[in-house]
Amino acid sequence: MTTTTPRAVGSPLARIEGPAKVTGAAKYAAEYPVTGVAYAWVVQSPVPRGTLTSVVVDPLTEADDVLAVLWHGNAPKLVQPDDPELAVLQSDRISYRGQAVALVVARTFEAARRAAQVVRLEIDAEPHDAILRVDHPELYTPETVNPDFPAVTEAGDVEAAFAAAPVTVDVRYSTPALHNNPMEPHATIAVWTGDDELTLYDSNQHPPGVAQAVGGVFGLPAEQVHVISEHVGGGFGSKGTARANAVLAAMGAKVAGVPVKLALPRQAMFSMVGYRTPTLQRIRLGAERDGTLTAIDHQAVEQSSRIYEYAEQTTVATRHMYAAPNRRTGHRLVRLDLPTPRWMRAPGEAPGMVGLECAMDELAAELGLDPIELRVRNEPKAEPESGVPFSSRHYLTCLREGARRFGWADRDHRPRRRREGSWWIGTGVAGATYPAMAMPSTARVRRAPDGSVEVAIAAADLGTGARTVLTQIAADELGLLPEQVRVRIGDSTLPKASVAGGSSGTASWGWAVTGACRELRNSGRDEATFDTTELVKQLEAEGKHTYGAHFAEVRVDADTGEVRVSRLFGMYAAGRILNPRTARSQFIGGMTMGMGMALHEEGVLDPAMGEWVNHDLGEYHVPVHADVEWIDAEWIDEQDDELNPMGSKGIGEIGIVGSPAAIINAVWHATGIRVRDLPVRLDKLLPHLGD
C-alpha cells in the first residue's frame, strides 16, 4: 500500500517563522550582535529650503565619546547615484525640512543623540513653497508615471460626449499625504571588511537591489556588498529601494573605522523614507439615462520634491475598470520644497480608486440606480483602452456574490433612511483592482542526504507569509512534507530575486522555485537553479488583474458626528489562493489600512514650516483594534492559466484599493453628506447633520 503526501498548497499552514518571532529569536536589522559597534544619529534640516554653510560642533561635546561628525564639508565623496536621495552629505543645498544634513557617530547611542542635538547649523534660509494646488504655476505633465505608464491617455471626444450626456457627474476628491509607518523603522548596521567588502544588516524589501544601490555610491560592485534582511517588520513600499539610512551607516562606519548602527526614530520616518503624495482629483462621468457610461475623464494633480521626480499613477486604474467609448486620464505634477514621495501600499490605485468609485456612487445616486447595477451595466468585454482580452475577470462575480454574503438585497438606495437611537446607519460598496504581474527571479534548490531540501532565493518576507508559501510550493513540487523543506531568503548573496512589491512576490519567486524544483526532480541531480527572466519577458502584461468588491456598513452619531465602521467585507477574485490563512491576513490587513485612509490618516502640513506637524504615532492616527468591530474577507475559486505555474495573483495590496471608497459611500448613505476631502472627520459631518 502506497501513501500519498498531502498537498501543502491550499492548506492554512501557519507561518514557518512564527515561533521565532513570538519568542524573540527572530532578529531584525538593528538587533544583530556585532562586536564593537558604534551608534549614529542623523542631523536633519530645520528649514525646508536653503544653503548649509557650516556645521559647528558644541565645544562641550565629549571628544572621547564622539567618533565623527560628518557633513558636506568633510564627508567622503560618493559616486553619483541614479536616486539623488542617496547622495547624502554631498551638497550644500537643502531641499526639504528633515533632509539629512549631518551625521554624528559616537560610542554610545545616548552620546550620538546628544551630540546631534547640540550641533549648530549655519544656514542661509530661502523662501519655500509647500502648498499643492490645482492652479500652481509650475504644474507640468510628466512623461510617465510610476513605474512606466504614459501620463496621459485619451480615446474618442470626451468634451463632446460629456456635453451631450443626459446625466453627468463632475466632482473633485482630494486625498492627503499618507505615511507608511511600518512597525519596524528603517535601520542599518554597517560593517566594513577592509576597504572593499561591506556587510549591511538592513531592513528592506529587496536585498539585491540595496546591495547594488549602496555598492554603487561607494564604487563597489553588488557582489562586494552583503545585505542581510532575514526578518523585516513591515515596509508598505517604503523599504522597496535603498534609503539614506543605509548609505549614512556605511559612510559613518568607513570614516569611524568601526561598525555603525543607525536606526531612524519614528519622527524621521515622516521625512526621510517617502510617503504617499497628496492628490487633487477631478472626475467627470457622462451617462445615458439607463446608466451606460458615454464618457470618463479622470485627472489628478500631485507633488514631488525638488530633488527627484516621482509621479504616482493615480488615474491608471481608471483605464481598466469600466467601458466607455470616450475616455481620458491624466496626471499633472509640481515640484515643491517637501520630501520625495515614494511607493506606499497600492501606489496610484489606492487614492485613484477613491475618486473613481466615489464618483460612480454619485452617478448611481443621480440616476436613482443601485450602485452595483450601475457597475454591472458598464462591464467591459476586454481592456477598455487597449482591447486586449482579460486573462480572467470575475469582477461582477465579486460584486454579486459579495452582495449576497454581505446582505445587500434589501438596501434602500436613498440616503438617510435608517436610524437606530442616535445613530444614522448606511452601507456602501466599491470595486477593487490591482495588476497581476511577475518579475524575473532566480531560485536554487539543493537536496540533502536525508532527502530534505534547501530552497534559496534572495527574496524578502515583510510579515506577509512569503517564506511559508514558498515552503508549500516546494513541498508539493517535490512530493515532500513542509517540514522537509528549508527556505533561505533575505540575503543578497542568494540567487537574485525581484523586489517584494507590486503584489508580485509570490508570483515571481514561486515561479522560480517551481522551475528549480521541477528541474531537480526531472534531472536526478542534487542541485538545480532556475531563472525566469526569459519566461517573464514572454508574458503579456495587459489584461491581467486581481479584482474585488468591498462592502461597508457604518453608523454616524447624529449628535457628535462620530463615525464607526460596524462591518467591512471584501470579496476577491485573486487566482489560486495558495495559503488561505496568510491570504486572509493580507486581505484584511489591506482593508484595515483602507479604513485608516477613509477615516483616520492624514499628514497635517504646516505650510509656514514646510513639514507635517503630526509626525509620530501619537498624533498621526491609524486604526487600532477598537476601530475594527467586524471584518472579513472571502474569495472565489478562480483559475487563470496565463499567469504563472501556480495560477496565483497578487493579494498584498488590493485590500486597500476601494475599501476607503466603500466606507465613504456608506457615510453618504447613512447621512446624505458627501465628504470629498479625506479623511472623513466628525468636524466635516457635524455642521450638516442637522440639515
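Up top you'll find the structure we're talking about.
Described in the following lines is the structure provided in the data block. (Residues numbered from 1 in each chain as written. Predicted model: local features only at pLDDT ≥ 70, side-chain atom pairs only at ≥ 80, totals over all residues. Heavy atoms only, no water.)

### Here we look at the sheet that holds strand S13 (residues 225-228)
Reading across from one edge, S3-S5-S1-S14-S11-S12-S13 is the order of the seven strands in this open sheet, with mixed pairing throughout. Of all the strands in the sheet, the pair left with one neighbour each is strand S3 (66-71) and S13. If you compare each strand with its neighbour and ignore which way they point, the axes differ by 20 degrees on average. Of the strand pairs in this sheet, strand S1 (residues 38-44) and strand S5 (residues 100-106) are connected by six bridges, and their pairing is antiparallel. (Pairing = 2+ DSSP bridges. Helix = DSSP H or I, 4+ residues; strand = E, 2+ residues; numbered from the N terminus. Axes fitted to C-alpha atoms, helices over the stretch in contact; angles between N-to-C directions.)

### Points about the packing of helix H10 (residues 466-478) against helix H11 (residues 505-523)
Packing of H10 against H11 leaves a shortest axis separation of 9 Å and a crossing angle of 30 degrees. What the angle tells us is that H10 and H11 run roughly parallel. The handedness of the crossing between H10 and H11 is right-handed. In this structure, H10 contributes Ala 466, Val 469, Leu 470, Ile 473, Ala 474, Glu 477 and Leu 478 to the contact, and H11 contributes Thr 506, Trp 509, Gly 510, Val 513, Thr 514, Cys 517, Arg 518, Leu 520 and Arg 521. Partitioned by chemical class, the residues of the contact of H10 with H11 number 10 nonpolar, three polar and three charged. (Parallel < 35°, antiparallel > 145°, perpendicular 65-115°, else oblique. Left-handed = near helix turned anticlockwise from the far one by under 90°. Contact = heavy atoms within 4.5 Å. Nonpolar A, V, L, I, M, F, W, Y, C, P; charged D, E, K, R; others polar.)

### Description of the layout of surface pockets
Put simply, the second largest pocket is a space of about 780 Å³. Every residue lining the second largest pocket is counted, 30 residues in all, and those nearest its centre are Asp 83, Thr 241, Tyr 308, Arg 342 and Trp 343. Elements represented by at least two residues in the lining of the second largest pocket include exactly strand S7 (144-145) and helix H4 (207-217). It is H4 that provides the largest number of residues to the lining of the second largest pocket, a total of five residues. (1 Å grid on protein atoms, 1.4 Å probe; cavity = no way out; pocket = protein on both sides within 12 Å on 5 of 7 lines; lining within 4 Å. Points joined across faces, edges and corners; volume = space filled by probe spheres on them.)

### Here we look at the sheet that holds strand S23 (residues 527-531)
Pairing is mixed in the open sheet, where four strands are placed in the order S22-S21-S20-S23. What marks the edges here is a single partner per strand, and that holds for strand S22 (485-488) and S23. The average undirected angle you get between the axes of adjacent strands in this sheet is 15 degrees. Relative to the sheet, H10 contacts strand S20 (442-447), strand S21 (453-456) and S22, its axis offset from that of S22 by approximately 135 degrees. Contacts between H11 and the sheet are confined to S20, S21 and S23, with S23 contributing the most and set at about 140 degrees to the helix.

### Comments concerning the state of the cysteines
Evaluated as defined, the whole model comprises zero disulfides. There is no disulfide at Cys 358, and the cysteine sulfur nearest it, in Cys 398, is 19 Å away. (Disulfide = S-S within 2.5 Å.)

### Points about unusual backbone geometry
In the segment running from Asn 146 into Pro 147, the intervening peptide bond is cis, with an omega of -10 degrees. Of note in the backbone geometry, Asn 181 takes a positive phi value of approximately 50 degrees without being a glycine. Relative to the assigned elements, Asn 181 resides in the loop between strand S10 (167-175) and strand S11 (187-193). Taking relative accessible area as the criterion, Asn 181 reaches 14% and is therefore assigned buried. Phi at Ala 346 is positive, roughly 60 degrees, even though this residue is not glycine. Assignment of secondary structure puts Ala 346 in the loop between strand S17 (326-336) and helix H7 (349-367). (Buried < 20%, exposed > 50% of the residue type's maximum accessible area, 1.4 Å probe, protein only.)

### Section: the pairing of S1
Taking burial as the measure, the seven residues of S1 include five buried ones, the bulk of the element. Sheet analysis places S1 next to strand S14 (residues 260-263), joined by two bridges and oriented parallel. If you follow Ala 38 over to S14, its bridge partner there is Val 260.

### Considering the packing of aromatic side chains
By convention here, two paired aromatic rings are described through the distance between centres and the angle between planes. Enumeration according to the criterion identifies 13 aromatic pairs in this entry. On the numbers, 6.5 Å between centres and 40 degrees between planes, the contact of Phe 551 with Phe 569 is tilted. Taken as a pair, Phe 551 in strand S24 (residues 545-557) and Phe 569 in strand S25 (residues 563-573) lie far apart in primary sequence, 18 residues in all. Assessed through its relative accessible area of 0%, Phe 551 is described here as buried. Each residue in the set Tyr 322, Phe 390, Tyr 395 and Tyr 547 is aromatic and connected to the rest through ring pairs, giving one cluster. Sitting over the ring of Trp 192, Lys 254 keeps its end group 3.8 Å from the ring centre. Above the face of the Phe 406 ring, Arg 567 is positioned so that its terminal group lies 3.9 Å from the ring centre. (Phe/Tyr/Trp six-rings, centres within 6.5 Å; stacked < 30°, edge-to-face > 60°. Lys NZ or Arg CZ within 6 Å of the ring centre and 35° of its normal.)

### Notes on the packing of helix H13 (residues 580-599) against helix H14 (residues 659-671)
Packing of H13 against H14 brings their axes to within 7 Å, and their N-to-C directions diverge by 50 degrees. Between H13 and H14, the angle is such that the two are oblique. The way H13 lies across H14 gives a crossing that is right-handed. Contacts between H13 and H14 involve Gly 590, Met 591, Gly 594, Met 595, Met 597, Ala 598 and Leu 599 from the first element and Ser 659, Pro 660, Ile 663 and Ile 664 from the second. For the contact of H13 with H14, the residue count by class is eight nonpolar, three polar and no charged.

### With respect to the environment of Asp 370
By the secondary structure assignment, Asp 370 is in the loop between H7 and helix H8 (371-376). Classification of Asp 370 as partly exposed rests on a relative accessible area of 23%. When the C-alpha positions of Asp 370 and Gly 543 are compared, they lie 27 Å apart, and in sequence the two are 173 residues distant. Those residues within four positions of Asp 370 in sequence are excluded, and the remaining contacts are Ala 364 and Trp 408.

### Considering empty space enclosed by the protein
Enumeration over the complete set of coordinates arrives at five cavities of 30 Å³ or more. Size it by volume and the largest cavity reaches roughly 90 Å³. In terms of lining, the largest cavity is formed by 14 residues, of which the most central are Glu 85, Arg 243, Met 272, Val 273 and Arg 342. In terms of residue class, the lining of the largest cavity is made up of seven nonpolar, three polar and four charged.

### Here's the deal with the pattern of salt bridges
In this structure the tally under the stated criterion is 52 salt bridges. Put simply, Glu 154 and Arg 328 hold a salt bridge, and the shortest N to O gap is 3.3 Å. Pair noted here: Glu 154 is in strand S9 (residues 153-155) and Arg 328 is in strand S17, with a separation of 174 residues, a long-range link. (Salt bridge = Lys/Arg side-chain N within 4 Å of Asp/Glu carboxyl O.)

### Focus: H7
Its 19 residues place the ends of H7 26 Å apart at the C-alpha level, agreeing with the 27 Å of an ideal helix rising 1.5 Å per residue. Most of H7 is tucked away, with 17 of its 19 residues classed as buried. Positive backbone phi, at 65 degrees, marks Gly 368, one or two positions downstream of H7. (Expected span 1.5 Å × (residues − 1).)

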